[in-house]
Amino acid sequence: MTDAILTFEEAMEKYDPVLGFEVHVELNTKSKMFSSAPNVFGDEPNTNVNEVDLGMPGVLPVLNKTAVESSIKIGLALNCKIAEACRFARKNYFYPDTPKNFQTSQYDEPIAYDGYLDVELSDGTVFRVEIERAHMEEDAGKLTHMGGATGRIQGADFSLVDYNRAGVPLVEIVTKPIEGAGSRAPELAKAYVAAVREIVKNLGVSDARMERGNVRCDANVSLRPHGRERFGIRSETKNVNSLRAVEHAVRYEIQRHAAVLDSGIPVVQETRHWHEDTRTTTSGRPKSDADDYRYFPEPDLVPVVASREWVEELRATLPEPPAARRKRLQADWGYSDLEFRDVVNAGVLVEIEETIAAGASASVARKWWMGEIVGRAKNADVDPGQLGVQPATIVELAKLVEDGKINNKMATEVLDGVLAGEGTPSEIVDKRGLAVVSDDGPLLEAIDAALAAQPDIADKIRNGKLQAIGAIVGGVMKATRGQADAGRVKELILEKLGVNA
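Keep in mind the model is a prediction, meaning the values are calculated, not measured.

Asker: Would you take a moment to explain the overall build of the protein chain for this structure?
Answerer: The secondary structure content of the protein chain amounts to 16 helices and 16 strands. Along the three orthogonal principal directions, the C-alpha set of the protein chain runs to about 90 × 55 × 50 Å. Across the 501 residues of the protein chain, 46% fall into the buried class. Of the contacts formed within the protein chain by residues at least 6 apart in sequence, a portion of 69% connects residues at least 24 apart. Averaging the positions of the 60 positive and the 78 negative side-chain charges in the protein chain gives two centres separated by 2 Å.

Asker: When you look at the pattern of salt bridges in this model, what are you seeing that I'm missing?
Answerer: It is possible for side chains of opposite charge to pair when their charged atoms get near one another. Taken as a whole, this structure holds 39 salt bridges when the rule is applied. Lys238 is the partner of Glu236 in a salt bridge, and the nearest nitrogen-oxygen pair spans 3.5 Å. Ionic pairing is found between Arg272 and Glu253, a salt bridge with its closest N-O pair at 3.8 Å. Of this pair, Arg272 sits in strand β13 (residues 270–275) while Glu253 is found in helix α4 (residues 243–263), placing the two residues 19 residues apart along the sequence. A relative accessible area of 0% means that Glu253 is categorised as buried. Where salt bridges share partners, they join Asp3, Glu253, Arg256, Glu270 and Arg272 into one cluster.

Asker: Would you mind showing me how to read a nonpolar patch on the surface here?
Answerer: Side chains of Met146, Phe158 and Leu160 sit close together on the surface and give an oily, nonpolar patch of about 270 Å² of accessible area. One can find Met146 in strand β8 (residues 142–146). The class of Met146 is partly exposed, set by a relative accessible area of 30%.

Asker: Help me understand the sheet that holds β13, please; the structure alone is not making it clear to me.
Answerer: Two orientations exist for strands paired in a sheet by backbone hydrogen bonds: parallel and antiparallel. Strand order in this open sheet of nine strands is β2-β6-β7-β10-β1-β11-β12-β13-β14, and the pairing throughout is mixed. Of all strands in the sheet, those bounded by a partner on one side alone are β2 (81–82) and β14 (280–286). Note: strand β7 (residues 126–138) against strand β10 (residues 169–175), seven bridges, orientation antiparallel. Each residue of the ladder has a partner; that of Glu138, found in β10, is Pro169. Here α4 sits on the sheet in contact with β1 (15–26), β11 (215–225), β12 (235–240), β13 and β14, set at roughly 30 degrees to β11.

Asker: Would you mind going over the environment of Leu387 with me for this structure?
Answerer: Mapped onto the elements of the fold, Leu387 is located in the loop between α9 (362–380) and α10 (391–402). Put simply, Leu387 and Ala377 are ten residues apart on the chain and 6.9 Å apart in space, counted from C-alpha to C-alpha. With near-sequence residues (within four places) excluded, Leu387 lies in contact with Ile373, Arg376, Ala377, Val382 and Leu419.

Asker: What is the right way to read unusual backbone geometry from this model?
Answerer: Among all residues except glycine, the phi angle is most often negative; among peptide bonds, the trans geometry is most common. Here the phi dihedral of Asn101 falls at roughly 65 degrees; this positive angle occurs in a residue that is not glycine. Asn101 sits in the partly exposed class, given a relative accessible area of 33%.

Asker: So what exactly am I meant to see when it comes to the packing of aromatic side chains here?
Answerer: Aromatic ring pairs: the centre-centre distance and the angle between the two ring planes describe each pair. Scanning the entire structure with this criterion turns up seven aromatic pairs. Arranged with centres 5.3 Å apart and planes meeting at 85 degrees, the rings of Phe34 and Phe88 form a pair that is edge-to-face. Here the residue Phe34 occupies a position in the loop between β1 and α2 (65–77), and Phe88 occupies one in the loop between β3 (85–86) and β4 (89–92), the gap between them amounting to 54 residues. The burial state of Phe34 is the same as that of Phe88; both residues are buried. Ring geometry for Trp333 versus Phe340: centroids 6.2 Å apart, planes at 50 degrees, classification tilted. For Trp333, a relative accessible area of 11% translates into the label buried. Owing to a relative accessible area of 6%, Phe340 belongs among the buried residues under this scheme. Ring pairing ties together the aromatic residues Tyr93, Tyr107, Tyr293 and Tyr295, which thus form one cluster. Here Arg251 stacks its cationic end above the ring of Phe8, 4.2 Å away from the centre of that ring.

Asker: When you look at the sheet that holds strand β5 (residues 102–105) in this model, what are you seeing that I'm missing?
Answerer: The strand order across the open sheet formed by three strands is β5-β4-β15, and the pairing between neighbours is antiparallel. Only two strands of the sheet have a single partner each, and these edge strands are β5 and β15 (296–297). For β4 and β15, the ladder comprises two bridges, and the chain directions are antiparallel. By the bridge assignment for β15, Ala89 is matched with Pro297.

Cut-off values and rules
- Residue numbering note: each chain is counted from 1, following its sequence as written.
- pLDDT decides what is reported in this predicted model: residues at 70 or higher carry local features, side-chain atom pairs at 80 or more are listed and counted, and totals for whole chains, interfaces and linings draw on all residues regardless.
- Remark: hydrogens and water are excluded; side-chain values derive from all non-hydrogen atoms of the structure.
- Strands are runs of DSSP state E lasting at least two residues, helices are runs of H or I lasting at least four, and both sets are numbered from the N terminus onward.
- Burial status follows relative accessibility: with a 1.4 Å probe on protein chains alone, a residue under 20% of its type maximum counts as buried, one over 50% as exposed, and anything between as partly exposed.
- Every residue pair with non-hydrogen atoms within 4.5 Å of one another is taken to be in contact.
- When charges are counted, Lys and Arg are positive and Asp and Glu negative, with His and the chain ends excluded.
- A charge is said to be at NZ when it belongs to Lys, at CZ for Arg, at CG for Asp and at CD for Glu.
- Criterion for a salt bridge: a side-chain nitrogen of Lys or Arg within 4 Å of a carboxyl oxygen of Asp or Glu.
- Exposure above 30% relative accessible area and the absence of a salt bridge qualify a residue for a patch, where like charges join within 9 Å and nonpolar side chains (Val, Leu, Ile, Met, Phe, Trp, Tyr) within 5 Å.
- Areas reported as accessible are Shrake-Rupley estimates using a 1.4 Å probe. Residue values count occlusion only from the protein chains shown.
- At least two bridges found by DSSP between two strands is the condition for calling them paired.
- Helix axes are fitted to C-alpha atoms over the stretch in contact, other axes to C-alpha atoms as well, and angles between N-to-C directions run from 0 to 180 degrees.
- Pairs were defined over the aromatic rings of Phe, Tyr and Trp, the Trp ring being its six-membered one, requiring ring centres within 6.5 Å. Orientation was assigned from the angle between planes: stacked under 30 degrees, edge-to-face over 60, tilted for the rest.
- Put simply, a charge is over a ring when the Lys NZ or the Arg CZ is close to the ring centre, within 6 Å, and near the line of the ring normal, within 35 degrees.

Everything listed here is a matter of geometry and, on its own, says nothing about what the molecule does.
In structure tokens form, the structure reads like this:
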């Protein structure tokens, strides 16, 4: 059963949204937060686990120093204060993906606190988001619910659990309540998560691939009537893992809350599940408060002491701030203000940077990401990064075109093959027989046929109307199924007709 909703415009006429975000960032350390088990994505289930991850009796955790350093870097990049001393706490809850029956996290003593992030919206408006805290914790395992129609536990026949992710280092970034966004709240949600993703990727502390769950967002939404100071009751949409989904989830929850408030029924404080196929949320469970988790200090770990000297050493290693970095990238790439803003708004800044680093020119990288991949992502209603196109793929495609092995039309067909999982660009070219026809013999035969079919075109070309050559080139391309080398075809036509261009 779907919830009643108002239109977004109706909701904005009556209510003021208040937002809050908890962004979970998986760190790319070699080992896990409290054990020596490998931190590797995509391995066979339950192969990257040891006794500590599984909560076996008598085992003791050992803190990953690199994870602490990465956490401090994130805090500094978010303009946070770094605690001189902090400690871990046990967050108690019982669920199959947490074999210890508690999560080692931080509660009242986070490693970083009281920061902010300036977020640029699509028109250049800058919105400051206040950061409450950034704390260290470990990730849970992954449950796969088998059977049923939705892939969720409701209606499933059974569930499989993979503990490879259990114990992976996490930093959870929690904002303060975000007021004043108004109708731009969904856009701000997307821009904020994109900014966090860009920061952690630039720091080198996370792979930041949202489709893999490296960055996940819990989006909190509440509404209050215009003019009221007291916050409304919030809902929390859990584990949203794409920029587009974050924007849509916030928009939907605003519309749903408004309909509930209009009906006179109190909003339920609960977690919600996001469904990408219907762009709706459904109820999860009543939202727990901190008391429900029975936090208490972790007895098996000593406090973390971050000396000022250590913090300053780490600060000195930070890359340039995001605003300065964007200005430098725009200058380095030679993009106009409009071109660069389009790249940022499309959410492919990181992808284009990686493609250029892999060997593509700035113009080629923008051409493929903005001209081809972004359009395909829109048609599929996903973020561009979710398509799974790697920078090396774009470089390989561009090289095939540059070397004259395929033309641009073929390259787009090859890209479709990559997205369909047919292999690398070179493999697809071979499988589909897409090599450019550059041998003069077949080309001259096709030219003769095209000229015979349109005899008046030859006279036009001889009389100086060189634009008419396009009709003959088009005929040749049709005859060769788009595989002719258009440049060579034009040269052969002019030679055949005795025209000097």
